[in-house]
Amino acid sequence: MRGPGVGVPRWLYVPAVLGLLFVLLPLVAMVSRVEWGDLGTLVGSASARDALWLSLRTSGTSTLLCLLLGVPMAVVLARTRFPGQGVLRALVLLPLVVPPVVSGIALLATFGRRGVVGPTLEVLGLDIAFSTAAVVMAQTFVSLPFLVISVEGALRTAGERYEVVAATLGASPTTVFRRVTLPLVLPGLLAGAVLAFARALGEFGATVTFAGALQGSTTTLPTQIYLERFADPDAAVALSLVLVVVAVVVIGVARPGRGDT
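Conventions adopted
By convention here, each chain's residues receive numbers from 1 onward along its written sequence. It should be noted that, the model being predicted, local features are given only for residues of pLDDT at least 70 and side-chain atom pairs only at 80 or more, the latter also being counted only at that level, while totals for whole chains, interfaces and linings use all residues. To obtain the side-chain values, all non-hydrogen atoms of the structure were included, while hydrogens and water were left out. Relative accessibility decides the category of a residue: with a 1.4 Å probe and only protein chains considered, values under 20% of the type maximum give buried, values over 50% give exposed, and everything between is partly exposed. Numbering goes from the N terminus for both helices and strands, where a helix is a DSSP run of H or I of at least four residues and a strand is a run of E of at least two. Summarising the geometry, the arc corresponds to the directions from the helix axis toward the C-beta atoms. In what follows, residue pairs with any heavy atoms lying within 4.5 Å of each other are defined as contacts. In this analysis, the protein atoms alone were mapped onto a 1 Å grid. Cavities are point sets where a 1.4 Å probe fits without being able to get out; pockets are open sets with protein on both sides within 12 Å along at least five of seven lines; lining residues have an atom within 4 Å of a point. Grid points are joined across faces, edges and corners, and a volume is the space filled by probe spheres set on the points. The classification used treats Ala, Val, Leu, Ile, Met, Phe, Trp, Tyr, Cys and Pro as nonpolar, Asp, Glu, Lys and Arg as charged, and all other residues, Gly among them, as polar. A patch consists of residues whose relative accessible area exceeds 30% and which take part in no salt bridge; residues with like charges are grouped when within 9 Å of each other, and nonpolar side chains (Val, Leu, Ile, Met, Phe, Trp, Tyr) when within 5 Å. Computed by Shrake-Rupley with a 1.4 Å probe, the accessible areas treat only the displayed protein chains as cover when residues are assessed. We define a salt bridge as a side-chain nitrogen of Lys or Arg found within 4 Å of a carboxyl oxygen belonging to Asp or Glu. To get an axis, fit a line to the C-alpha atoms, keeping to the stretch in contact for a helix; angles then go from 0 to 180 degrees between the N-to-C directions. By the definition adopted for this analysis, an angle is roughly parallel if under 35 degrees, roughly antiparallel if over 145, roughly perpendicular if from 65 to 115, and oblique otherwise. Definitions for this section: a left-handed crossing has its near helix turned counterclockwise from the far helix by less than a right angle. A right-handed crossing has that turn clockwise.

## Side note on helix α9 (residues 173–184)
The set of residues buried in α9 consists of V176, V180 and T181. Along α9, the residues classed as buried sweep out an arc of 90 degrees about the axis, all on the same side. Among the exposed residues of α9, those oriented more than 90 degrees off its buried face are T174 and R179. Structurally, α9 contributes buried residues whose contacts are with α7 (132–158) and α8 (161–168).

## A word on empty space enclosed by the protein
Inspection of every chain in the model, using the stated rule, returns one cavity of 30 Å³ or more. Every residue lining the largest cavity is listed: F111, G112, R113, G118, L121, E122, L126, D127 and I128. Along the lines of polarity and charge, the residues of the lining of the largest cavity split into four nonpolar, two polar and three charged.

## Side note on the side chain of E228
On the secondary structure map, E228 appears in helix α12 (residues 221–231). The residues touching E228, leaving out its near neighbours within four places in the chain, are S47, P233, A235, A236 and L239.

## Some thoughts on the side chain of S131
With respect to the helices and strands, the residue S131 is situated in the loop between α6 (118–123) and α7. The buried category is assigned to S131, whose relative accessible area is 16%. With sequence-adjacent residues up to four places away left out, S131 is seen in contact with A211, S217 and T218.

## A closer look at a nonpolar patch on the surface
Taken together, the side chains of V8, W11, L12, Y13, V14, V17, L18, L21 and L25 present a nonpolar region at the surface, about 920 Å² in accessible area. In this structure, L12 sits in the segment before α1 (13–32).

## Re the packing of α8 against α9
The interhelical angle for the contact between α8 and α9, taken along N-to-C directions, is 165 degrees, at an axis separation of 10 Å. The angle between α8 and α9 places the two elements in the roughly antiparallel class. As α8 runs across α9, the sense of the crossing is right-handed. Contacts from Y162, E163, A166 and A167 in α8 reach V176, V180, T181 and L184 in α9. Across the contact of α8 with α9, the residue classes tally to six nonpolar, one polar and one charged.

This is the structure:
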């Protein structure tokens with residue numbers, strides 16, 4: 001049972017309902033345009049299956065990279081103080097606000113054949129641009145800030161008192177991080193991972209700029225939807241529905257609704 005709490009002002013329901021309608025109506029309109037009788041054919045083509053599988057595979061890989069890179073970044077930003085920290089945080093979060101195509105151009109200027117490190121990579125036999133690796137890098141670049149901001153926020157909310165106690169009792173910094181910090185921010189970390197995966201799953205602009213659209217290797221589901229938008233609008237709507245369903249399932253499984261307690 002949920003105990004008594006602070007009441008919600010009645011006037012808040014008006015903008016809340018308007019916001020809900022603003023989100024739901026486009027989804028309802030999209031569902032109403034789906035050709036249900038041809039749904040299997042529209043989403044069952046080889047190109048659609050390849051795009052869906054590639055999106056799931058690369059989004060999972062990019063989420064793992066976000067965890068490996070983003071958690072340490074969030075801990076450093078939340079638990080240390082150094083000159084220029086505010087500027088560094090702004091740069092880390094920059095992909096949140098710049099257009100994805102700008103992120104793609106930045107990656108291409110860095111890792112492309114004529115990029116800053118492109119010639120060096122070419123000498124090593126690595127050709128990243130317009131490959132599956134480029135898809136993962138583009139998704140990671142735009143998704144990483146979501147994980148960093150979620151974990152950093154959880155760290156700041158949790159405070160440092162438990163970590164200080166553990167350190168006082170003789171625990172090493174690594175032990176404190178592994179046994180105290182990570183369990184303490186686990187909900188925020190999971191939320192950040194879900195956001196990163198969902199952002200990677202829906203990424204289009206940076207991916208098509210840096211990786212292109214080669215079926216089976218760089219054409220993700222959002223890219224396939226864009227291509228079908230002109231060739232077969234019905235297929236584009238059907239694939240959009242698939243992407244929405246997958247995203248809802250991912251978010252629902254990772255963040256199940258809370259029952260009344």
